[in-house]
Amino acid sequence: MQISWAARTDRGLRRSQNEDTYCAKPDLGLFVVADGMGGYAGGEVASRLAVEQIQQAIETTAGLRRDDSWPVPFDNRSGIDGNRLRVGFTRANTRIAQEIKASEKLRGMGTTVVAILVSGCKVTLAHIGDSRAYLYRGTALRRLTKDHSWVEEQIRAGTLTEAEARRHPWRNMVTRALSGSDELPIDPTELEFEAGDRLLLCSDGLTAVLEDSEIQRVVAAPVDLQGVCDELVRQANAAGGPDNVTTVVIDVAVK
Ligand code: CA
């Protein structure tokens, strides 16, 4: 099995800093996008800590079996890789709590995270907040994540449409994040890669300005992976570039 990937992160046109962080570690099968929030340097610190901690957790849990001793109690509702991601999210959350305790200025910082762990043809996915994963299969782009956000809750309740949500003043309000709080519901999911599949991880700087149909047109285009990432960022900036934007695109050649 061969993983190929490309990524691009961009400050956008209106923000002074880029508070998004990503990592791509094909040797670990790990790909992460984190979108930080919080004043001072908080957003940048939170997203960077989260990515570092998740990567370390994936390294240190490699080879662990169900019956081994785990850094956090094994949750039987998920498989091994789901639990490895849970260890990563938990460690990231704990580190963020420690940093907030150590520095008053970082109070209120947090980060969204979307992470996948590829093992053979199996992809395990975990997320918190409104960074998203999409799967392009056949001719259709499908969202693999449901945003943990206030507007998403309203859409599901039928009180807002997608178009209204996009313009709503509370559109950036996430209902879950890695912010050092005690409550950390993580629900990893699994899917099997099929030949021709393409995965996209992205921060809300992309999805706040592009419709899924517009993203699909770019993801489906017959250009190389870097060309896909660059074009997504270009279109987000052409639409005003109101936020940092990060895209990671992954293809797996299935034998
Ligand atoms: Ca953002």
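Residues numbered from 1 in each chain as written. Predicted model: local features only at pLDDT ≥ 70, side-chain atom pairs only at ≥ 80, totals over all residues. Heavy atoms only, no water.

Moving on, we come to the overall build of the protein chain. The number of helices and strands found in the protein chain is 7 helices and 10 strands. Expected size for 255 residues packed as a compact globule is a radius of gyration near 18 Å; at 17 Å, the protein chain falls within 12% of this value. For the protein chain, the proportion of its 255 residues judged to be buried stands at 52%. As displayed, the protein chain offers around 11800 Å² of accessible surface, 47% of which is attributable to carbon and sulfur atoms. (Helix = DSSP H or I, 4+ residues; strand = E, 2+ residues; numbered from the N terminus. Rg over C-alpha atoms; globule rule 2.2 N^0.38 Å. Buried < 20%, exposed > 50% of the residue type's maximum accessible area, 1.4 Å probe, protein only. Areas by Shrake-Rupley, 256 points an atom, 1.4 Å probe, with all protein chains shown as cover.)

Turning next to the sheet that holds strand β4 (residues 110–119). Strands sit in the order β2-β3-β4-β5-β8 across an open sheet of 5 strands; the sheet is antiparallel. The two strands at the open ends of the sheet, each matched to only one other strand, are β2 (20–25) and β8 (189–192). For this sheet, the mean inter-axis angle between neighbouring strands, taken without regard to orientation, is 15 degrees. Note that β4 and strand β5 (residues 122–128) share 7 bridges and pair antiparallel. The residue bridging V118 from the neighbouring strand is V123, located in β5. Where helix α1 (residues 42–60) meets the sheet, it contacts β2, β3 (30–37) and β4, and its direction lies at approximately 155 degrees from that of β3. (Pairing = 2+ DSSP bridges. Axes fitted to C-alpha atoms, helices over the stretch in contact; angles between N-to-C directions. Contact = heavy atoms within 4.5 Å.)

The coordination sphere of the calcium ion contains the protein donors D35 (OD), D35 (OD), D204 (OD) and D243 (OD), at a distance range of 2.3 to 3.0 Å. Read N to C, the donor residues that coordinate the calcium ion are spaced as D-x168-D-x38-D. With D35 in strand β3 and D243 in the loop between α7 (225–238) and β10 (245–253), the pair connects residues that are 208 residues apart, well separated along the chain. Taking relative accessible area as the criterion, D35 reaches 9% and is therefore assigned buried. (Donors = N, O, S within 2.8 Å, 3.2 Å for Na, K, Ca; no water.)

Pairing of side chains with opposite charge becomes possible as their charged atoms draw close. Summed over the entire model, instances satisfying the criterion amount to 21 salt bridges. With its nearest N and O atoms 3.9 Å apart, the salt bridge here joins R8 to D10. Residue class for D10 comes out buried when judged on its relative accessible area of 19%. Ionic pairing is found between E152 and R156, a salt bridge with its closest N-O pair at 3.5 Å. You can see E152 and its partner R156 sitting in helix α3 (residues 150–157), 4 residues apart, about one turn around the helix. (Salt bridge = Lys/Arg side-chain N within 4 Å of Asp/Glu carboxyl O.)

So, on to the nonpolar core. With 25 residues, the main nonpolar core has L30, V32, I54, F89, M109, V113 and L178 as its most contacted residues. By residue number, the principal contributor to this core is α1, which donates 7 residues. Apart from the residues within four sequence positions on either side, L30 is in contact with C23, A24, K25, I54, Q55, I58, L85, I116 and L117. Y134, L141, C202 and A236 belong to the second largest nonpolar core, which has 20 residues in total. (Core = buried A, V, L, I, M, F, W, Y, C linked by side-chain atoms within 4.5 Å.)

Further remarks concern α7. For α7, spanning 14 residues, the distance from its first C-alpha to its last is 20 Å, which sits close to the expected 20 Å at 1.5 Å a residue. All buried positions along α7 are accounted for by L225, V228, C229, L232, V233, A236 and N237. Projected onto a plane normal to the axis of α7, the buried residues spread over an arc of 165 degrees and lie on a single side. In this structure, the buried side of α7 is in contact with β1 (2–10), β9 (198–202), α5 (204–207), α6 (212–219) and β10. Just downstream of α7, G240 is the residue with a positive phi angle, here 120 degrees. (Expected span 1.5 Å × (residues − 1). Arc of directions from axis to C-beta.)

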